[in-house]
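Residue strings, one per chain:
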Amino acid sequence: MTITSWSFIAFVAMAALVSNLASGNWRARVLFPTTTLLFIVLVMPSMLAVSALLGFVGLIWLATELTYRLRARTPLILILAVILAIFGWMKAYEFLAFLPFASQVPVVIGLSYILIRALQLLIDMAETPSLRPGLLPLFSFLTSWPCLISGPIQRFQDFHEQLESIGTFKLSEEVFVAAAHRMAKGYFMVLVLADMFKHLWTGLEGIALGNANPLALAGAQGAFLAHLFFDFAGYTHIVIGAAYVFGFRLPENFDRPWQSKSFLEFWGRWHMTMSNWFKTYVFNSLLMQLVKRWPSSKLTSFHGVAAFFLTFFLVGLWHGTTWAYVICGLLLGVGASANQLYRIALRSWLGKSRMHELSAKQTYILASAALTFTYICFSVSPLWLSYEQIRLVAKSYGLIGLILAQGGLFLMMLTVLPIIQRSSFAIPISGATWWRPLQIGLLCAVIDAYTFLFPAFGGAFFYERF
Amino acid sequence: MKHLSLALIVAALVSLLIQGAIVIMVGRPAAPWPVEVLSHPRVSFAEEARRAIFFTPDLAKTERSMIAIVGASAAQEGFQPAIAKAEAPDLLIHNLSMGGANITETDQIIDIAIKATPSQIVQRSVLVLAVSYPMFVPDSKRWSDPVFVPPDAIAEGKIISDIQREAMRCSSICDPSSLLFKYAPEWLISLSRDRYALNLRLVPRLPAHITDPILKWNLWRYDPRRKLESKRAKKSPGNASPAPDEPFLVIAHRQMDFLTKYMGQPEGVLQEEQFDKLRMLIDKAKGVGFHVVVVDMPLPSWHRQNSPFFAPYETKLRDVLASYTSAGTIDFVSLVDAIPDDEFRDSIHPNAEAASHWARILIERLRVLHRFD
């Protein structure tokens, strides 16, 4: 079962019906975990993968019990290290290929997201032991079906609060329409817009890799980012909408990322739940450690640079298992730390007031945004180019070819971004009560016509592989 | 319920508007293709798959026993219903063959035919399985061959036949391998297909994908580095004379070599996969009541002698069919050497003049084996 299939819609409809007919107490304790287990069986590629996932959940439960009983820093670090090692083994990271049975571990969908939720819970439990979950609530949290495949990432505290409250939830027409609206919007993004850009990206990729054409490479980079956005934002709309009918309010993952003016702002608007997680549990901890280790006030700004580099390096590494993702992590790390260094340099060179003055200028904003998106397209290229292809591109394009490709991409961004930024304000997000049903009807009709005229595989979501 | 009704009404209205726009663009729908001539004229694999999916349901209207021929392009061209009808006006012949079909895809076409045809008609009808060795190409090769399969399918790494690909147009209910197809009643499948009758006329006029025109822009092939390089010496216009027409046999041999490569296996080695599928297909067709006749399709003598796959294919085919023929549950007709070499236009297909001879031979053999109503 995939999220874009009719079977998923049937699954949501039936689960919502049963959940809303059942009495309050049953919903959180029996129905939600049962629905989640059924979803796991339906989406996992094999029963071996289901067993591996359940085994990993069991391991996390054991870790929460140990964390609760031992309540000390050193055991927690050891527990986290063991979990990370087992995660690395199960994800079959290329650099852990020497581990026994590394090539035989089944692919488990959503493992990276389960890890992130587990780490959040364990780290927070060290400070608040009362968070200690039972096995069933832990299972529901880690594998919660609307968030299993690709998030959004919820904190245990928020999830638990919502799970407790679904017993009193009543499905009204208003909620149903809101859910249908989010889902229709999501399906339109995935089945129409993401598909269009996917075709463009793969077509241009073929031209770019075959003949070393800089403009084709630039086009492929831009089309890939657009595909990634519509694919992931569409998926998020679908699962947020599906969760509505069960009484869940999942956190938002996107806040108009195309409005970003800098690399760091972009990551505050894109995959926000992941960014916030890394900010809270990696960046802040790193910064604190650096300040403790080198407390000089002159170094404070540069602590941020180092923390940004490491955090974004880990963001890249978290996304995939091959050496290409190591390169992606390095590029993201360089982007984030360069952005921070630029801020520091500009502030010391121009002063605070002149810097603000400059930042308000339209041409400066547009140039920064175009540069930001050009670099983002460049740094996420390892998500779609394998390590061998990266080497091939470097060899066949040479430095001049790559500079021309990125220059072409920058010019494309300069042209396209103002149009996107302005037009996004023209579409009302909410409004009259008839607007949502109108949009649902319109989107469904367009999706139906498009998928007939241009059938696509509607395969796995890009983020599913993470 | 007010808002949901509004959403449904808007969806219906917008769909009607889209349909209206299609009518304005391409005119009102013509009558669907008669089932008898589904395979003709040959256009493209995708177009043939569309016909098989969207027009085969007309088999539901069949009121008398029939001969349904399934196979690949040789059967399409060799047993043309119009010619066969002239040879045997008393018989109802449907040719459901599809160019490039392997046994897997043939099986899918048979599924569509079985679903559509009333069971009492199936039980009085003959299913002619017209096979030849290229139909035993494994799925992994046939459906990931860049010569025939669109790049997006190869990029996805999925094994998906032309039938399955075109079936995606109607929400998988038309896909013979989907659960929905297996369990949904025929009227529901038929209704789903009919919804798209208008849109279907637009498909051949559209690019395969909406963004294909963008991919054709010269911009993507423009390389600014060329400006930086020194001007290359202009090549003098070529004055080479056009290549002389190649003798027929040279072209035909080349096509045979192409088929050898097309099989994608070590020369002379044929995998079991498609033979197993043939076995299952025969069991299924017999199970629903078809009288099954397997026809070994004609090949020119030089092709039979030179192809590394022909001899192993013959051995394996006879092994698979042995248990059925010895028990008398199916019939086997070998036409492999029944056609003189000069009736082939290439290494496998009949020439235009020979088509009626091919059809006549098949009908004669079928009349010997089966008494038609």
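Residues numbered from 1 in each chain as written. Chains lettered and ligands numbered in written order. Predicted model: local features only at pLDDT ≥ 70, side-chain atom pairs only at ≥ 80, totals over all residues. Heavy atoms only, no water.

*Asks:* Please provide a residue-by-residue account of the state of the cysteines, values included.
*Replies:* Going through the model one piece at a time under the given rule, you end up with 1 disulfide over all chains. Disulfide pairing places B:Cys170 opposite B:Cys174 at an S-S distance of 1.6 Å. Overall, B:Cys174 belongs to the buried group, its relative accessible area being 0%. With no disulfide of its own, A:Cys444 has B:Cys170 as its nearest cysteine by sulfur position, at a separation of 18 Å. Overall, A:Cys444 belongs to the partly exposed group, its relative accessible area being 38%. (Disulfide = S-S within 2.5 Å. Buried < 20%, exposed > 50% of the residue type's maximum accessible area, 1.4 Å probe, protein only.)

*Asks:* Describe the pattern of salt bridges, naming the residues involved and giving the relevant values.
*Replies:* One pass over the full model with this rule turns up 24 salt bridges over all chains. The salt bridge partner of A:Asp255 is A:Arg269, with a shortest N-O separation of 3.9 Å. Of this pair, A:Asp255 sits in the loop between helix H10 (214–244) and helix H11 (263–269) while A:Arg269 is found in helix H11, placing the two residues 14 residues apart along the sequence. A:Arg269 gets classed as buried once you look at its relative accessible area, which sits at 15%. Notably, a salt bridge pairs B:Arg279 with B:Asp276, separated by 2.9 Å at the nearest N-O pair. Remark: B:Asp276 and B:Arg279 occur in helix H16 (residues 273–288); sequence separation between them is 3 residues, near one turn of the helix. (Salt bridge = Lys/Arg side-chain N within 4 Å of Asp/Glu carboxyl O. Helix = DSSP H or I, 4+ residues; strand = E, 2+ residues; numbered from the N terminus.)

*Asks:* Please give an account of the confidence of the model for chain A that cites residues and values.
*Replies:* Looking at chain A, the pLDDT average stands at 88 and 96% of residues meet or exceed 70. Mean pLDDT across the elements of chain A bottoms out in helix H15 (residues 352–359) of chain A (86) and peaks in H10(A) (94). (pLDDT = per-residue confidence, 0-100.)

*Asks:* Describe in detail the domain arrangement of chain A, supporting the description with residues and values.
*Replies:* Residue and element names in this part refer to chain A. The domains assigned to chain A are domain 1 (6–171) and domain 2 (175–453). Relative placement of domain 1 and domain 2: their C-alpha centres are 27 Å apart. With 37 residues of domain 1 in contact, the opposing surface of domain 2 contributes 34 residues. When domain 1 packs against domain 2, the two sides together hide about 3000 Å² of surface, and 72% of this comes from carbon and sulfur. Linking domain 1 to domain 2 there are 7 residue pairs in polar contact (both at pLDDT 80 or more). Elements with a minimum of two residues in the side of domain 1 that touches domain 2: helix H1 (6–21), helix H5 (111–127), helix H7 (145–148) and helix H8 (156–165). (Domains from an automatic or database assignment. Contact = heavy atoms within 4.5 Å. Buried area = accessible area lost by both parts, 1.4 Å probe. Polar contact = N/O pair within 3.5 Å; in protein donor to acceptor, adjacent residues only side chain to side chain.)

*Asks:* Account for the packing of aromatic side chains, naming residues and giving values.
*Replies:* Residues and elements named next belong to chain A. Under the definition given, this model contains 48 aromatic pairs over all chains. Geometrically, the ring pair formed by Phe-8 and Phe-39 is edge-to-face, given 6.3 Å between the ring centres and 70° between the ring planes. Of the two residues, Phe-8 sits in helix H1 while Phe-39 sits in helix H2 (residues 24–43), which places them 31 residues apart along the sequence. Measuring from ring centre to ring centre gives 6.4 Å for Trp-201 and Trp-384, while their planes differ by 80°; the resulting arrangement is edge-to-face. Within this pair, whereas Trp-201 is found in helix H9 (residues 173–211), its partner Trp-384 is found in the loop between helix H16 (362–379) and helix H17 (387–426), the two being separated by 183 residues in sequence. (Phe/Tyr/Trp six-rings, centres within 6.5 Å; stacked < 30°, edge-to-face > 60°.)

*Asks:* Describe the packing of helix H5 (residues 103–116) of chain B against H16(B), listing the residues and the values that go with them.
*Replies:* All names here are of chain B. Viewed as axis vectors pointing N to C, H5 and H16 meet at an angle of 15°, and their least axial separation amounts to 9 Å. Relative to H16, H5 is oriented roughly parallel. With respect to the hand of their crossing, H5 and H16 are arranged in left-handed fashion. Contacts from Ile-103, Thr-104, Thr-106, Asp-107, Ile-110, Asp-111 and Ile-114 of H5 reach H16 at Gln-274, Lys-277, Leu-278, Leu-281, Lys-284 and Val-288. (Axes fitted to C-alpha atoms, helices over the stretch in contact; angles between N-to-C directions. Parallel < 35°, antiparallel > 145°, perpendicular 65-115°, else oblique. Left-handed = near helix turned anticlockwise from the far one by under 90°.)

*Asks:* Could you give me a rundown of the nonpolar core, with the residues and numbers involved?
*Replies:* Nonpolar side chains in soluble globular proteins tend to end up buried together. Membership of the largest hydrophobic core comes to 236 residues, with the highest contact counts inside it found for A:Phe8 and B:Leu129. Formed jointly, this core draws a minimum of three residues from each of two domains, domain 1 (6–171) and domain 2 (175–453) of chain A. Every residue in contact with B:Leu129, bar those within four places of it in the chain, is listed here: B:Val70, B:Thr106, B:Ile110, B:Leu278, B:Leu281, B:Ile282, B:Val292, B:Val293, B:Val294 and B:Val295. By size, the runner-up hydrophobic cluster in this structure holds 6 residues, among which are A:Val177, A:Ile440, A:Leu443 and B:Ala7. (Core = buried A, V, L, I, M, F, W, Y, C linked by side-chain atoms within 4.5 Å.)

*Asks:* Let's hear about the side chain of B:Gln19: which residues, and what values?
*Replies:* Residue and element names in this part refer to chain B. Take Gln-19: it is sitting in helix H1 (residues 2–26). The class of Gln-19 is buried, set by a relative accessible area of 17%. When residues no more than four places from it in sequence are discounted, the contact partners of Gln-19 are Arg-195, Leu-198 and Asn-199.

*Asks:* Explain the environment of B:Pro308 residue by residue, including any values.
*Replies:* All names here are of chain B. If you trace the backbone, Pro-308 turns up in the loop between helix H17 (301–306) and helix H18 (310–327). According to the relative accessible area criterion, Pro-308 is partly exposed, its value standing at 23%. Here the alpha-carbon distance between Pro-308 and Leu-215, two residues 93 residues apart in the chain, equals 40 Å. If near-sequence neighbours (up to four positions away) are discounted, Pro-308 is found in contact with Thr-260, Glu-267 and Gly-268.

*Asks:* So, H5(A): which residues are in play, and what are the values?
*Replies:* One full turn of an α-helix is made of 3.6 residues, so residues set three or four places apart face in the same direction. Helix length check: H5(A) (17 residues) gives 25 Å between terminal C-alpha atoms against 24 Å at 1.5 Å per residue, within 8%. H5(A) sits mainly inside the fold: 14 of its 17 residues count as buried. (Expected span 1.5 Å × (residues − 1).)

*Asks:* Break down H8(A) for me, citing the residues and quoting the values.
*Replies:* Residue and element names in this part refer to chain A. Restricting attention to buried positions, one finds in H8 the residues Phe-156, Phe-159, Gln-162 and Leu-163. Burial along H8 is one-sided: seen end-on, the buried residues are contained in an arc of 135°. Buried residues belonging to H8 abut H2, H5 and helix H6 (135–143). (Arc of directions from axis to C-beta.)

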